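Fold and geometry: a report
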Amino acid sequence: MGSAHGDFMVSVSKKEVVAALLPFQEHCRLPLTNLDLLLPPLDVGLFFCYKKPIPSMSFGSMVSVLKKALAQALVSYYAFAAEVVANALGEPELLCNNRGVDFIEAYADIELHNVNFHNPDESIEGKFVPRKKHGVLSVQATELKCGGIVVAFSFDHRVADAYSSNMFLVSWAEIARSKPVSIAPSFRRSLLNPRRPGLIDPSIDGMYVPIPSLPPPGEKDEPTDHLISRIYYVTADRLNEIQSLASSNGDQRTKLESFSAFLWKMVAAFGGKDRDKVSKMGIVVDGRSRLGEGDEDKATFMNSHFGNVLSIPYGSKAIGELIEKPLSWVAKQVHDFLKPATVKEHFLGLIDWVEAHRPEPAMTRVYCVGKDDGPALVVSSGQRFPVKKVDFGWGCPAFGSYHFPWGGLCGYVMPMPSPVSDGDWVVYMHQLEGQLELIEKRAANVFRPLTSDYLNL
């Protein structure tokens, strides 16, 4: 920051630490749950863009509102003011010492309508979304040349999933507007305790793997392709067409199943010359509603559980099959690998599986992609992304998105609701550059580059 990158500069004017106003969990240790332990040390980014407030409001006034509300929000969301440390077994856990949140103030020499949202590698990465250096959460507020503001943050994925961060964002915004907080986070770790004795379905061994049992990485060749990030929008009409094609064999598929199948065929086409290689597709499943089934009290606490309650089932198919078969066949494969992971017993078994392998770290197998493997992709639904609820007092965001440029060779896609047109999706895609070039060429009528005109900026 502070140096030219892309078409504009971002200069940092102030850095400080915002701690909880009234810490009530100071110096306690909060263990991570077994489902938290499945996450690697990755940071997730989000950003929200706001037009110049009417009536006018200074950047300093907006920052003051953000900081004051953040200090209050961290009282309940004390995990975001903590630090990740190692326990006696070497596993990560939270030290709730009210270390606080790094808060950065900055200025960007660009107007909101000139930001290239289609290419976040150029316009967002290292500019608006802060690189977290300490603690669990970092925040950056950036003043724009036009008087607008970008509010962004990065958080440790081992501590929270998207559902948890969404709860926090809505609460932070409600506090800023002096509104009652609609939901308070629950940190009841006992809700995710393993069973005694455990009961593990053998299928979980096919989905997850202890990291020490993985083969050592081979010699690193110079990569011929690399992951890049792009943001597109997909109209409701196109989504309906894809869903109709995916359901043409008589079985009604969801929009997410249909969209994922369409993407899987596109990604497979990229590896078309290696038709016998296997391509993998994973879909993130939230287990909160499943784990609360049959127990009203538990369902209430699971609905507000702060942490990770995720599983990533996946399917594997030969590239040639994915290319040749119709979309409805691919959609059935997606439905079939997804369905077993959408029940309570799956998540209870996954918790037991992690317990049986502790303290060895583990990961989902869909991420295990070598240079000789076929293309792999994970889709995570962001339809609960609360872009219209993150109003700190100067209006709803004109645009907001996740920003998750992880490493490795497995792609990541998150479809979110459009802020301007009901039924449309905004889709964040982090994939190999060659895959995105092919998608833009073959499916240009579906994946349209996100522009300021579309966002009415």
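Quick look at the structure, then. (Residues numbered from 1 in each chain as written. Predicted model: local features only at pLDDT ≥ 70, side-chain atom pairs only at ≥ 80, totals over all residues. Heavy atoms only, no water.)

To continue, consider the overall build of the protein chain. Broken down by element type, the protein chain carries eleven helices and 20 strands. In terms of overall size, the protein chain behaves like a compact globule, its C-alpha atoms giving a radius of gyration of 22 Å where 457 residues would be expected to give roughly 23 Å. By principal-axis analysis of the C-alpha atoms, the protein chain measures approximately 60 × 55 × 45 Å. A separation of at least 24 residues holds for 81% of the contacts in the protein chain among residues at least 6 apart in sequence. By element, 51% of the accessible surface of the protein chain is carried by carbon and sulfur atoms, the whole surface being about 19,300 Å². Side chains of the protein chain carry 47 positive and 52 negative charges; the gap between the two charge centres is 2 Å. (Helix = DSSP H or I, 4+ residues; strand = E, 2+ residues; numbered from the N terminus. Rg over C-alpha atoms; globule rule 2.2 N^0.38 Å. Contact = heavy atoms within 4.5 Å. Areas by Shrake-Rupley, 256 points an atom, 1.4 Å probe, with all protein chains shown as cover. Lys, Arg positive; Asp, Glu negative; His and termini not counted. Charge placed at Lys NZ, Arg CZ, Asp CG, Glu CD.)

Backbone-to-backbone hydrogen bonds join strands into a sheet, with any given pair of strands oriented parallel or antiparallel. With antiparallel pairing, three strands are arranged side by side in an open sheet as β2-β5-β4. Where the open sheet ends on each side, the last strands, each with one partner, are β2 (28-31) and β4 (83-86). Sheet twist, expressed as the mean angle between neighbouring strand axes with direction ignored, is 40°. In the sheet, β4 pairs with strand β5 (residues 92-96) via four bridges, with the strands oriented antiparallel. (Pairing = 2+ DSSP bridges. Axes fitted to C-alpha atoms, helices over the stretch in contact; angles between N-to-C directions.)

Turning next to the packing of helix α5 (residues 255-270) against helix α11 (residues 433-442). Across the interface, α5 lies against α11 with an axial gap of 9 Å and an inter-helix angle of 115°. When the axes of α5 and α11 are compared, the crossing they make is right-handed. Every residue of α11 that contacts α5 at L263, M266, V267, A269 and F270 is listed here: G434, Q435, L438, I439 and R442. Broken down by class, the residue content of the contact of α5 with α11 amounts to seven nonpolar, two polar and one charged. (Left-handed = near helix turned anticlockwise from the far one by under 90°. Nonpolar A, V, L, I, M, F, W, Y, C, P; charged D, E, K, R; others polar.)

For the rest of this paragraph, the subject is the sheet that holds strand β7 (residues 137-144). What the six strands build is an open sheet, ordered β1-β6-β7-β8-β3-β17; its pairing is mixed. With partners counted over all chains shown, the strands left at the sheet margins are β1 (10-18) and β17 (399-403), one partner each. For this sheet the average axis-to-axis angle between neighbouring strands, irrespective of direction, equals 15°. Here helix α1 (residues 59-76) sits on the sheet in contact with β1, β6 (101-108), β7 and β8 (149-156), set at roughly 165° to β6. Contacts between helix α3 (residues 162-176) and the sheet are confined to β3 (43-50), β7, β8 and β17, with β8 contributing the most and set at about 140° to the helix.

As a further point, take the packing of aromatic side chains. Scanning the model with the defined rule gives 31 aromatic pairs in all. Aromatic pair Y77 and F306: ring centres 5.9 Å apart, planes at 65°, arrangement edge-to-face. Residue Y77 is found in the loop between α1 and β4, and its partner F306 is found in the loop between α7 (296-303) and β13 (310-311); the two are separated by 229 residues along the sequence. The pair Y77 / F306 is uniform in exposure class, with both members buried. Both rings, one in F404 and one in W406, keep their centres 5.2 Å apart while their planes meet at 45°; by these two values the pair is tilted. By relative accessible area, which is 4% here, F404 ends up buried. An aromatic cluster of three or more residues is present, and its members are Y50, Y77, Y78, F80, F153, F155, F168, W172, F187, F306, F392 and W394. (Phe/Tyr/Trp six-rings, centres within 6.5 Å; stacked < 30°, edge-to-face > 60°. Buried < 20%, exposed > 50% of the residue type's maximum accessible area, 1.4 Å probe, protein only.)

Our next topic: the environment of Y50. Relative to the elements of secondary structure, Y50 occurs in strand β3. Using a relative accessible area of 0% as the deciding quantity, one classes Y50 as buried. Along the sequence, Y50 and L66 sit 16 residues apart, while their C-alpha atoms lie 13 Å from each other. If sequence neighbours within four positions are ignored, Y50 has contacts with L112, G148, I149, V151, V390, F392, W394, G395, C396, P397 and A398.

Every buried residue of α11 is accounted for by G434, Q435, L436, L438 and I439. Against β10 (227-234), α5 and β19 (425-432) lie the buried residues of α11.

As a further point, take the pairing of strand β18 (residues 411-417). In terms of burial, β18 is a largely internal element, six of the seven residues being buried. Pairing geometry for strand β16 (residues 376-379) and β18, over three bridges, is parallel. Across the sheet, the residue bridging to L377 is G411, located in β18. When β18 meets β19, the two strands line up antiparallel, connected through six bridges. By the bridge assignment, P415 is partnered in β19 with V427.

Direction vectors running N to C along helix α4 (residues 236-246) and helix α9 (residues 327-338) enclose 85°, while the axes themselves pass 7 Å from each other. Comparing the axis directions of α4 and α9 gives the class roughly perpendicular. Of the residues in α9, those in contact with I242, L245 and A246 of α4 are L327, S328 and A331. Here the contact of α4 with α9 is built from residues that sort into five nonpolar, one polar and no charged. (Parallel < 35°, antiparallel > 145°, perpendicular 65-115°, else oblique.)

A separate point is α9. Across its twelve residues, α9 extends 16 Å between first and last C-alpha, which sits within 8% of the 16 Å expected from 1.5 Å per residue. When we look at burial in α9, the residues that qualify are L327, S328, V330, A331, Q333, V334, F337 and L338. Contacts made by the buried residues of α9 are with α4, α5, β11 (278-283), β12 (285-286), β14 (314-318) and α8 (319-324). (Expected span 1.5 Å × (residues − 1).)

Examined against the element boundaries, K67 turns out to sit in helix α1. Once residues lying within four places of it in the same chain are set aside, the contact partners of K67 are K14, E16, V18, F103 and E105.

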